[in-house]
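Residues per chain are reported as follows:
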There are 2 protein chains.
Amino acid sequence: MKHNSEHFFCRKQHNASNRLLLLPEDESDRRLDRLRHSMAALGIHAGLVSGNASKFYLTGRVFVGWILVTADAVTYYVRRPVELEGDRIVYVRKPEEIDFSCLGSGCLGLELETMSYSSVERLEVASGIKNPGNLSSALRSARSVKTETEIAQIARSGEIQEDVYRRIPGLYRAGMSDIELQIEIERLSRMSGCLGQFRISGDSMELFMGNVLAGDNADTPTPYDFAMGGAGADPSLPVGADGTVITGGMTVMVDVNGNYTGYMTDMTRVYKVGNIAPLAEKAHRCSIDILRMLEKQGIPGAKASDMHAAAEKIVNDYGLHNYFMGHRQHAAFIGHGVGIEINEAPVIAPRSRDVLEAGNVIALEPKFVIPGTGAVGVENTYVVTSDGLKCLTNAPEEIIELI
Amino acid sequence: MKHNSEHFFCRKQHNASNRLLLLPEDESDRRLDRLRHSMAALGIHAGLVSGNASKFYLTGRVFVGWILVTADAVTYYVRRPVELEGDRIVYVRKPEEIDFSCLGSGCLGLELETMSYSSVERLEVASGIKNPGNLSSALRSARSVKTETEIAQIARSGEIQEDVYRRIPGLYRAGMSDIELQIEIERLSRMSGCLGQFRISGDSMELFMGNVLAGDNADTPTPYDFAMGGAGADPSLPVGADGTVITGGMTVMVDVNGNYTGYMTDMTRVYKVGNIAPLAEKAHRCSIDILRMLEKQGIPGAKASDMHAAAEKIVNDYGLHNYFMGHRQHAAFIGHGVGIEINEAPVIAPRSRDVLEAGNVIALEPKFVIPGTGAVGVENTYVVTSDGLKCLTNAPEEIIELI
């Protein structure tokens, strides 16, 4: 690695700016225009952006407040922090101070899929508007096609994450448990600049810094809608490492937080100690075969459901259907959009209606759980281009010996 | 410390149980009865519990699904994980499969303050019921008074967190930045059993593993509703450590994740290198004076607003008003309930209507920001008893030399 990421991250490099808008004006305009286009398609005349991820998308920073976007204007209503500077900022203490007069009889869009019912009710009263439009849908669509600036930030996260994954074998010591190894990976990730925060849209999924699965723990069903499971260390957070001591013949799947820039990559590699069952080696080759195939198939216009079906065909040809995307419990998707949050559009699943567009960034994770051995399979993050999928998480894909 | 927390946490100690109900039956009944009492006071005839924190409260585990609670029955509707066992479990794929016939013309309570608007709309259609009651309010009230079992879990988190804080000076090396020190504290916490997940109710606040503030970074306003600020390492997560190198004359305030059992303690201690300004020493003594006073005042029946006013009186007597709960930006509370989430009831704030009850668990954090030095003050977690506040985070309170 050329960069000294530890030094870069852990020492102050900048003076915190008081500018609200941390994006260049043209980049901000580009994102606003994407949102306006999506709003227009849904018949939304004004959108009130409220979520942290969406505000970060439009401004380059998180603040507490709202952004009111219309076809020809944008206003930043800020509650906190104090002292932000820039154009079109209005400081308010409560949503009742937002000026909705621009709206007339038009449709107000709100983030209905993430805003609480109580917050929406309050805004309905404040704005005098009923039947809000689904701004969540417009934002998901706008954010699903990344700008060049966004792709550069995701690619930068990928470069750092590649380096972290290459250094994982050096963290292993004989006799370690999965949790002990995970803690060393967490430390290395953080020292390399990982911000820690793992943004997931919605409130039903929880994960701390990712998932390290050793041996048969990979076969423990999780409640959460992740591709893989694991019992976790406590029933209050039932996913991932459970204290299994890593021993010979076992795989260790590492799928950890790649948020190094506010934008994340999603990446999985598999490690092992000694020889593992031939069935597990075969399933891992199948995963790589699926990725090579989807990398070509994944051009603009490709249907997500067709991609999932093509992957399943390879799995069936290998005779591995019982182990694909889990064994005791199966996940219903093999890929998902990634960016500011880990679960963006498009979704690569059997019943998905999504169609790939140039500039989508997706993670593909065809994985298997082999009883008696553990989880295998590779996950990479890709940007969709006219030539197919371009990989942003380049590191060796074979199963790597921990010692 | 007597316990070997590292071994306890990092090695598998148990077989994951397939029982849905991980609480003893009488403990589960006790919590259901608390909720039913709160529901009755709000005129709610049936409550559909949907949040992960609330499901953990009622069962001892997180699952994806819903719990339907009526005056004389409870049903667990489970989507995931597969294979859970026990009484009154119904596996469903979607909320439309929930049987609301028990409700009649009664009021259905939903978690309106955390459920998304879209989810509530869908349930209104599924249940045929309009005007849902505010089950969030009933749950907040029920959960604000902890059972003996809950208090034991919080106390256990406190014991481990005390040990971690005592070992912080041993992690410091000259020339470290705040982020580098925080990463070592994170590792020590995790090796000692910290689960990592930092549960905050609502979606506007974000924090990763807590807040380490060195020097003047403590005076940088944050958007989030925490007691203290900090620029953070990136504008996508603008709170906490920013890479400031720790040098002489500076304080380092440590306020990190105490979730060791699914229940957390909240605890702050201050460290320093060399001598700091007398004003900062004075403000730290003021914080300890406030805690000693509130520990006596905090008996069942005490008004939260009176407690805040009594703290402010001491601050004014010290002449420290300009620095109390921040300097460039001021927080509006000095304490809050803590348990499964970091922001539970009651809230100790000027306009709070909360009144202390025996069994409340609260964190009190009278803090100051002294320009040129940094943040000072102590935070402890307490259980409310008839004798006043009993401290669950016992460790030396004076400002501790890092070397």
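Residues numbered from 1 in each chain as written. Chains lettered and ligands numbered in written order. Predicted model: local features only at pLDDT ≥ 70, side-chain atom pairs only at ≥ 80, totals over all residues. Heavy atoms only, no water.

Participant: Help me understand the interface of chain A and chain B, please; the structure alone is not making it clear to me.
Facilitator: Where the parts come together, the accessible area they lose is often given as the size of the interface. The partner chain B presents 72 residues to the 72 residues of chain A that form the contact. In total, chain A and chain B occlude about 6200 Å² of area from one another, counting both sides; carbon and sulfur atoms represent 53% of this. Of all residues in chain A, the largest losses of buried area upon contact with chain B belong to A:Arg80, A:Tyr117 and A:Phe208, amounting jointly to 12% of the total for that side. Counting every contact that joins chain A to chain B gives 12 salt bridges. As a salt-bridge pair, B:Arg328 and A:Glu83 come within 2.5 Å of each other at their nearest N and O atoms. The interface formed by chain A and chain B contains 40 residue pairs in polar contact (both at pLDDT 80 or more). Elements that contribute at least two residues to the side of chain A that touches chain B include exactly α1 (5-10), α3 (52-59), α4 (117-127) and α7 (178-191) of chain A. In terms of residue count, α7(A) provides more of the side of chain A that touches chain B than any other element does, 9 residues in total. A breakdown of the residues in the side of chain A that touches chain B according to their chemical character gives 32 nonpolar, 21 polar and 19 charged. (Contact = heavy atoms within 4.5 Å. Buried area = accessible area lost by both parts, 1.4 Å probe. Salt bridge = Lys/Arg side-chain N within 4 Å of Asp/Glu carboxyl O. Polar contact = N/O pair within 3.5 Å; in protein donor to acceptor, adjacent residues only side chain to side chain. Helix = DSSP H or I, 4+ residues; strand = E, 2+ residues; numbered from the N terminus. Nonpolar A, V, L, I, M, F, W, Y, C, P; charged D, E, K, R; others polar.)

Participant: Sorry, what's going on with the packing of α4(A) against helix α4 (residues 117-127) of chain B here?
Facilitator: The packing of two helices is summarised by the inter-axis angle and the distance between the axes. As a packed pair, α4(A) and α4(B) sit with axes 8 Å apart at the nearest point and diverge in direction by 95 degrees. When the interaxial angle is binned, α4(A) and α4(B) end up roughly perpendicular. Between α4(A) and α4(B), the contacting residues are A:Tyr117, A:Val120 and A:Glu124 on the first element and B:Tyr117, B:Val120 and B:Glu124 on the second. The residue makeup of the contact of α4(A) with α4(B), split by class, is 4 nonpolar, no polar and 2 charged. (Axes fitted to C-alpha atoms, helices over the stretch in contact; angles between N-to-C directions. Parallel < 35°, antiparallel > 145°, perpendicular 65-115°, else oblique.)

Participant: Whenever I open this one, the relation of the copies chain A and chain B confuses me. Can you help?
Facilitator: The operation linking the two copies of the chain is a rotation about an axis combined with a translation along the axis. For the pair chain A and chain B, the superposition axis carries a translation of 0.0 Å, the fit reaches an RMSD of 0.0 Å, and the rotation angle comes to 180 degrees. The transformation just described matches what one would write down for a two-fold rotation axis. Both copies present the same face, since 100% of the interface residues in chain A are matched by interface residues at the equivalent positions in chain B. (Least-squares fit on C-alpha atoms with pLDDT ≥ 70 in both.)

Participant: Would you take a moment to explain the sheet that holds strand β5 (residues 108-110) of chain B for this structure?
Facilitator: The pairing of strands in a sheet comes from backbone hydrogen bonds and takes either a parallel or an antiparallel form. Residue and element names in this part refer to chain B. Taken together, the 6 strands give an open sheet; going across it, the order is β4-β3-β2-β1-β5-β6, and neighbouring strands pair in mixed fashion. Both outer strands of the open sheet, β4 (89-91) and β6 (133-134), are each paired with one neighbouring strand and no more. Sheet topology note: the strand β1 (residues 46-49)/β5 ladder contains 3 bridges and is parallel. What sits directly across from Gly47, in β5, is Gly109. (Pairing = 2+ DSSP bridges.)

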